[in-house]
Amino acid sequence: MGGVVIRIGMIGISEGNGHPFSFSAIINGYSDSGLAASGWSVIYDYVRRRDPSEIGFGDVTVTHAWTQEPETTRKLCEACRIPNAVASPAAMIGEVDAVVIARDDFENHVAMALPFLKAGLHVFVDKPLSLDIGELRILRDYLESGTLMSCSGMRYARELDEPRASLADYGEIRLIRGAILNSWEKYGVHIVDAVLGMVRSRPVHVTSNAAPHASFSVGMDDGSLFQIDALGDVGRCFRLDLFGANKISAHEITDNFSMFRRLLWHFIESIRSGAPPLDPEDTLTSMRLLIAGRLAKAEQRKVFLDEIII
């Protein structure tokens, strides 16, 4: 689609999740007064600190928006220079080339995404894609065709550029530890995608640890241990520690703008090329790991990922 304007529809809002505002501002630019008045002060603060050269992707624009609340939709359109507020997501079909479903209520993702996927549009779905095996089986074809993308922005975190580029310097990886705020179901994917986007090893089994929060030990196929702690209601926490035989490093992940811009770049490139932006198995492995963690905690046993057949 080189040289052709790509029209994107922005859909949804979730409590505590301002992705429609951040994603739209990164693509369209923003009204200073509109974004300042949007109620998303954190997003306003980090977007306005960026150089204008970091905003926009050429002939790509968010042209339509819908959220569950008309007043929120109005604020989103004002803040991010979106010309069309629509009464329903379905009104975007025939008017846009792609949609971003920017809400993290994964229970509703399939119902929201399928009308657009069946219409042949490209769709990005906020993390996690789904924790239902049957739904993931339905979505597999769209992942493989390149019309569906879903992942955490932390797969592209700037703070992990160094280990991604020089993982061999670490020698044999012995332990990876990740800690996040909030729940395993909604936020576990951040650490899972960050790690699986960085290392070559893949998860084999999961056990639930005795802890006052959701805590899991993941056995990897290279013999290393990957420990993930979802700490619940705590302050901002996105931390990753790598322990190798030759090198150890710690990473606090704080640059939301860079990870979101990179994520959107990959989605837009997939629209232009028609190729999957990620290996579909990477997306499905992340979802298997989240599902296996749920089972391990509920049933208090070691769960192997190959039990999760998608």
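See the structure above.
How each quantity is defined
Throughout this description, residue numbers start from 1 for each chain and increase along the sequence as written. Totals for whole chains, interfaces and linings use every residue, but because this is a predicted model, local features are given only for residues with pLDDT of at least 70 and side-chain atom pairs only at 80 or more, for both listing and counting. By convention in this description, side-chain values take in all heavy atoms of the structure and omit both hydrogens and water. Note on conventions: DSSP H or I runs of at least 4 residues are helices, E runs of at least 2 residues are strands, and numbering of each starts at the N terminus. Throughout, radius of gyration means the C-alpha value; the globule benchmark is 2.2 Å times the number of residues raised to the power 0.38. Any residue under 20% of the maximum accessible area for its type is buried, any over 50% is exposed, and the rest in between are partly exposed; the area is computed with a 1.4 Å probe on protein chains only. Computed with the Shrake-Rupley method and a 1.4 Å probe, the accessible areas treat only the protein chains shown as cover for residues. Here Asp and Glu are counted as negative and Lys and Arg as positive; His is not counted, and neither are the chain ends. Whenever Lys or Arg places a side-chain nitrogen within 4 Å of a carboxyl oxygen from Asp or Glu, that contact is recorded as a salt bridge. Note on contacts: a residue pair qualifies if any of its non-hydrogen atoms lie within 4.5 Å across the two residues. Strand pairing is defined by DSSP finding a minimum of two bridges between the two strands. Here an angle of 0 to 180 degrees is reported between the N-to-C directions of two axes, which are lines fitted to C-alpha atoms, with helices fitted over the stretch in contact. Within this scheme, the nonpolar core is defined by two criteria: the residues are buried Ala, Val, Leu, Ile, Met, Phe, Trp, Tyr or Cys, and they are joined through side-chain atoms within 4.5 Å. Reported orientations rely on four angle classes, namely roughly parallel under 35 degrees, roughly antiparallel over 145, roughly perpendicular from 65 to 115, and oblique for the rest. Crossing handedness is read from the near helix: turned anticlockwise from the far helix by less than a right angle, it gives a left-handed crossing, and turned clockwise, a right-handed one. All residues other than Ala, Val, Leu, Ile, Met, Phe, Trp, Tyr, Cys, Pro, Asp, Glu, Lys and Arg, Gly among them, are scored as polar; the first ten of these are nonpolar and the last four charged.

A. Spatial organisation of the overall build of the chain. Check the secondary structure of the chain and you find 10 helices and 13 strands. Taking 19 Å as the expected radius of gyration for a compact globule of 310 residues, we find that the chain reaches 19 Å, a close match to that expectation. For the C-alpha atoms alone, the extent of the chain along its principal axes is close to 50 × 40 × 40 Å. Residue burial in the chain is summarised as follows: out of 310 residues, 58% are buried. Here the chain has roughly 12,500 Å² of accessible surface; of this, 51% comes from carbon and sulfur atoms.

B. Spotlight on the side chain of D193. Here D193 shows up in helix α8 (residues 184–196). For the buried D193, no salt bridge is present, and the opposite-charge side chain at shortest range is R155, 4.1 Å distant. Once residues within four sequence positions are removed from consideration, D193 is found in contact with C151, S152, R155 and S286.

C. The arrangement of the sheet that holds strand β3 (residues 84–85) in detail. On the basis of which strands lie adjacent, the open sheet formed by 6 strands has the order β3-β2-β1-β4-β5-β6 and parallel pairing. Two strands in the sheet have a free side with no partner beyond their single neighbour: β3 and β6 (148–149). Alignment of strand β4 (residues 98–101) against strand β5 (residues 122–125), held across 4 bridges, turns out to be parallel. In the strand pairing of β5, A98 is matched with H122. Seen against the sheet, helix α4 (residues 70–80) touches β1 (6–11), β2 (60–66) and β3 and runs at an angle of roughly 165° to β2.

D. A look at unusual backbone geometry. Cis geometry marks the peptide bond from K127 to P128, where omega comes out at -20°. Within the fold, P128 resides in the loop between β5 and α6 (133–145). One non-glycine residue, N182, adopts positive backbone phi at about 65°. Along the polypeptide, N182 turns up in the loop between β7 (173–180) and α8. Judged by its relative accessible area of 28%, N182 falls in the partly exposed class. The backbone of Q300 sits at a positive phi, close to 50°, despite the residue not being glycine.

E. Structural detail: the nonpolar core. Ranked by internal contacts, the top residues of the largest apolar core, which has 106 residues, are I8, V99, V123, L148 and F226. Once you skip the residues sitting within four places of it in the chain, L148 turns out to touch L117, V123, V125, L129, L139, Y142 and L143.

F. Expanded view of the packing of helix α1 (residues 19–28) against helix α9 (residues 256–273). Relative orientation of the contacting elements α1 and α9 amounts to 70°, with a least axis distance of 10 Å. Here α1 lies roughly perpendicular to α9, going by the angle between them. Seen along the crossing, α1 lies across α9 with a hand that is right-handed. Across the interface between the two elements, H19, S22, F23, I26 and I27 from α1 touch F257, F260, R261 and L264 from α9. Residue classes in the contact of α1 with α9 are distributed as 6 nonpolar, 2 polar and 1 charged.

G. Spatial organisation of the pairing of β1. For β1, a buried count of 5 out of 6 residues is recorded, marking the element as mostly surrounded by other parts of the structure. Taken together, the 6 bridges between β1 and β2 define a ladder with parallel strand orientation. Each residue of the ladder has a partner; that of I8, found in β2, is V62. When β1 meets β4, the two strands line up parallel, connected through 4 bridges. Bridge pairing in β4 links M10 to V100.

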